[in-house]
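Understanding the architecture of this molecule
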Amino acid sequence: MIDILKAIEARRSVRKFTGAAAPREKLVAALEAAMAAPTARNLKPWHFVVVTERSAVGALCKAHPYAGFGVDAGAVILPFGTKREFKWFDQDMAASTENLLVALANLGLGATWCGMDDERQAIVREAVGLPEDQYIFALIPVGVPAEAPSPRTQYEASRVHWERFRSE
């Protein structure tokens with residue numbers, strides 16, 4: 001059995017890739033984990049576009065000002081859904097995206113969560129054929145890692161407030 005805490009600590013942002021293809025079976029396994037996330041009222045707002053064609057991966061990464069490092073990734077995953085009129089969209093999508101990232105890391109793939117905002121929606125939507133009513137939550141370059149950041153925790157006891165907030 002995998003020690004889940006060790007699995008979570010092993011998930012690190014990877015920004016260097018070998019250029020090798022990301023195996024489809026690993027991508028599917030990670031997407032299964034993503035869709036196992038908690039969801040308000042079981043509404044499951046998530047959908048995913050998975051891009052594996054090399055020139056499209058590069059173009060998507062170049063379209064985002066903080067994802068240019070991903071041009072050698074084997075895939076880009078775009079979690080998306082209908083945000084309008086769905087109160088808990090951001091929470092559900094964040095839970096799903098974190099599950100995806102932890103699963104990818106534990107399947108031996110590297111990835112980095114690049115956030116999407118309103119400014120970047122149109123160009124990425126157009127590139128993958130999404131209609132305007134769909135909101136892309138993240139752009140995630142995924143691939144065989146060419147770097148291996150060490151597992152870590154970022155726990156700081158000073159950020160934990162037992163029973164009540166206290167500024168010390």
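Within the protein chain one finds five helices and six strands. Listing the helices and strands of the protein chain from first to last along the sequence gives α-α-β-α-β-α-β-β-α-β-β. By the compact-globule yardstick of 15 Å for 168 residues, the protein chain fits well, its C-alpha radius of gyration being 17 Å. Its C-alpha atoms put the protein chain at 50 × 40 × 35 Å along the principal axes. Every one of the 168 residues in the protein chain was classed for burial, and the buried ones make up 39%. In the protein chain, of all internal contacts separated by at least 6 residues, the share reaching a separation of at least 24 is 76%. Surface summary for the protein chain: the accessible area is close to 10,100 Å², and the carbon and sulfur share equals 53%. In the protein chain, 20 positive and 20 negative side-chain charges are present, and the distance between their average locations comes to 3 Å.

Any two side chains of opposite charge can pair, given that their charged atoms come close. Overall, the coordinates contain five salt bridges when judged by the stated rule. The partner of aspartate 72 in a salt bridge is arginine 54, with the nearest N and O atoms 3.9 Å apart. Within this pair, whereas aspartate 72 is found in the loop between α3 (54-63) and β2 (75-81), its partner arginine 54 is found in helix α3, the two being separated by 18 residues in sequence. Salt-bridge contacts for arginine 159 lead to glutamate 156; the nearest nitrogen and oxygen are separated by 3.2 Å. What makes arginine 159 exposed here is its relative accessible area of 63%. Each of the salt bridges in this network shares a partner with another, and the network as a whole consists of Asp117, Glu119 and Arg120.

Looking at the largest pocket, its volume works out to about 170 Å³. If you trace the largest pocket, you find 14 residues lining it, with Ala10, Val14, Ala105, Leu109 and Gly110 closest to the centre. Among the secondary structure elements, those contributing two or more residues to the lining of the largest pocket are α4 (89-106) and β3 (110-111).

With that settled, consider the environment of valine 160. Turning to its location among the elements, valine 160 is positioned in the segment after β6 (138-143). Here the alpha-carbon distance between valine 160 and arginine 125, two residues 35 residues apart in the chain, equals 39 Å.

What follows is about a nonpolar patch on the surface. Where nonpolar side chains cluster on the molecular surface, the patch consists of Ile4, Leu5 and Ile8 and spans about 300 Å² of accessible area. With respect to the secondary-structure elements, isoleucine 8 resides in helix α1 (residues 4-10). Judged by its relative accessible area of 42%, isoleucine 8 falls in the partly exposed class.

Burial analysis of β2 places seven of its seven residues in the buried class, the great majority of the element. With burial as the criterion, each face of β2 is covered, one bearing Ala75, Ile77, Pro79 and Gly81 and the other bearing Val76, Leu78 and Phe80. Here strand β1 (residues 47-51) runs beside β2; their pairing, made up of five bridges, is antiparallel. In the strand pairing of β2, histidine 47 is matched with phenylalanine 80. Bridge analysis of β2 against β6 gives three bridges, and the strand direction is antiparallel. When the sheet's bridge partners are listed, valine 76 is paired in β6 with proline 141.

Tracing the sequence through the fold places tyrosine 66 in the loop between α3 and β2. On the basis of relative accessible area, tyrosine 66 is assigned to the exposed category, the value being 60%. Considering only alpha carbons, one finds tyrosine 66 and glutamine 154, 88 residues apart in sequence, at a separation of 23 Å. With residues near it in sequence (within four places) discarded, tyrosine 66 still touches Cys114 and Arg120.

Definitions and limits used
Numbering of residues starts from 1 in every chain and runs along the sequence as written. pLDDT decides what is reported in this predicted model: residues at 70 or higher carry local features, side-chain atom pairs at 80 or more are listed and counted, and totals for whole chains, interfaces and linings draw on all residues regardless. As a rule here, side-chain values cover all heavy atoms of the structure and leave hydrogens and water aside. Runs of E in the DSSP output that reach at least two residues are strands. Runs of H or I that reach at least four are helices, and both are numbered from the N terminus. Radius of gyration here is computed from C-alpha atoms only, and the compact-globule reference equals 2.2 Å multiplied by the residue count raised to the power 0.38. Each residue's exposure class comes from its accessible area (1.4 Å probe, protein chains only) as a fraction of the maximum for that residue type: buried when under 20%, exposed when over 50%, partly exposed otherwise. Contacts are assigned to residue pairs that have any heavy atoms within 4.5 Å of one another. Where accessible areas are quoted, they stem from the Shrake-Rupley method and a 1.4 Å probe; at the residue level, only the protein chains shown are allowed to cover. The charge count includes Lys and Arg as positive and Asp and Glu as negative, but it does not include His or the ends of the chains. In plain terms, the charge of a residue is placed at NZ if it is Lys, CZ if Arg, CG if Asp and CD if Glu. Only one rule defines a salt bridge in this text: a Lys or Arg side-chain nitrogen within 4 Å of an Asp or Glu carboxyl oxygen. Only protein atoms enter the calculation, which uses a 1 Å grid: trapped sets of points that fit a 1.4 Å probe without letting it out are cavities, open sets showing protein on both sides within 12 Å along at least five of seven lines are pockets, and any residue with an atom within 4 Å of a point is a lining residue. Grid points are joined across faces, edges and corners, and a volume is the space filled by probe spheres set on the points. Residues with no salt bridge and a relative accessible area higher than 30% make up the patches, which join like charges within 9 Å and nonpolar side chains (Val, Leu, Ile, Met, Phe, Trp, Tyr) within 5 Å. One requirement defines pairing of two strands: DSSP has to find at least two bridges between them.

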